[in-house]
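# Reading the structure
Read off the chains here:
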Amino acid sequence: PGGGTDIVARAIAPKMGEILGQSVIIENKSGAGTVIGTDFVAKSPPDGYTLLVGTFAFAVNPSLLAKLPFDTKKDIATVTMIGTAPMVLTASKASGLTSFKQLVDQARANKPNSYGSIGTGSLGHLAFASLAKDAKFDWTHIPFRGGGPLMQDALAGHVPLAVGSLFLVKPHIDSGGVIPLAVTTSKRSPELPNVPTIAESGFPGFEAPAWWAVIAPAQTPPAIINRMHEEVAKALKSPDIASRMKTQGIEISALGPKAGQDFINRQIDIWGKFVRDNNIKQTN
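Now for a look at the structure at hand. (Residues numbered from 1 in each chain as written. Predicted model: local features only at pLDDT ≥ 70, side-chain atom pairs only at ≥ 80, totals over all residues. Heavy atoms only, no water.)

As for its placement among the helices and strands, Gln261 is situated in helix H10 (residues 257–277). Judged by its relative accessible area of 15%, Gln261 falls in the buried class. The sequence separation of Gln261 and Ala77 amounts to 184 residues, and the corresponding C-alpha distance is 7.1 Å. Excluding its chain neighbours within four sequence positions, the residues that come into contact with Gln261 are Ile76, Ala77, Thr78 and Gly256. (Helix = DSSP H or I, 4+ residues; strand = E, 2+ residues; numbered from the N terminus. Buried < 20%, exposed > 50% of the residue type's maximum accessible area, 1.4 Å probe, protein only. Contact = heavy atoms within 4.5 Å.)

Further remarks concern helix H4 (residues 100–108). Taken as a whole, H4 has its buried residues at Phe100, Leu103, Val104, Gln106 and Ala107. Buried residues of H4, seen end-on, are gathered within an arc of 160° and therefore sit on one face of the element. Turned more than 90 degrees from where H4 packs its buried face, Lys101 and Arg108 sit exposed. For H4, the secondary structure elements touched by its buried residues are strand E3 (87–92), strand E4 (113–117), helix H5 (123–135), strand E5 (139–143), strand E6 (161–165) and strand E7 (178–183). (Arc of directions from axis to C-beta.)

A separate point is the sheet that holds strand E9 (residues 251–255). The strand order across the open sheet built from four strands is E1-E8-E2-E9, with neighbouring strands paired in antiparallel fashion. Edge strands, defined here as strands with exactly one partner in the open sheet, are strand E1 (52–55) and E9. Averaged over all pairs of adjacent strands, the angle between strand axes in this sheet comes to 25°, irrespective of strand direction. Running over the sheet, helix H8 (residues 222–237) touches strand E2 (76–85), strand E8 (210–217) and E9 and is turned about 15° from E2. (Pairing = 2+ DSSP bridges. Axes fitted to C-alpha atoms, helices over the stretch in contact; angles between N-to-C directions.)

Okay, the packing of aromatic side chains next. This model, assessed by the stated rule, comprises seven aromatic pairs. Consider the rings of Phe56 and Trp271, whose centres lie 5.9 Å apart with planes at 80°: the pair is edge-to-face. Residue Phe56 is found in helix H3 (residues 56–64), and its partner Trp271 is found in helix H10; the two are separated by 215 residues along the sequence. Residues Phe56 and Trp271 agree in their burial class; the two are buried. (Phe/Tyr/Trp six-rings, centres within 6.5 Å; stacked < 30°, edge-to-face > 60°.)

In this model, Asn110 sits at a positive phi of 70°, which is unusual for a non-glycine residue. The topology assignment puts Asn110 in the loop between H4 and E4. Here Asn110 falls in the exposed class, since its relative accessible area comes to 63%. Although it is not a glycine, Lys136 adopts a positive phi angle of roughly 60°. Its location among the elements puts Lys136 in the loop between H5 and E5. Of the residues examined, Lys136 reaches a relative accessible area of 71% and is grouped as exposed.

Rendered as structure tokens:
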């Protein structure tokens, strides 16, 4: 409760209830890096009444975890790709870093550094591990147990670099507690217009967005999936939800079932290969 996925779901639910003419209840089934909630939905009746709001962990778990109680590609179906948002690399004030260029110059001069994320296998971890590997930077990952502990240590200067969602880090950027260096999306964030993308900073093609999608059990009839997508898309178009998504840093895409599934499958393949190639492991 209170995390980014919970906030996205709760933003959409009231409007969905209004459109459908019935209550839409949010039930947090957290644990095991989204595995518990995903397993519950994958094994629910395929009738359109039980849906999942999934995110990056959903796509990386097949490669990161030794065993899953479901098949991510076979046991679920995408209803709607809600949208994407940037991750933000920040520097502590104690680090002396004020720009991404300065960080890269130091890395190219073989100066080691370390960065914190919300945990092993998180988007922040894998995005910057892949960048460091490709660029041959000596960066060490420091996993934290969630965004709260990560930002506490970043604010105290115990970790020089921290990568987190825009929603997590922006209050600390606004207060001057940490310094934003770069965002991981292909375009700059309207919420941080002066912060460069990694792609424009000497690493063309780099893109590692956070994302959210509505997902259903795989055997749900196409007619139900298409109807639910239409209703989710209607909800996302309402001005109040668009405004709430904007405060979360989310760019709404509202992709349909096929385009959304194609996006998620690409995420599974891209990050799965990186996890396997680098022998990154996490236990359930």
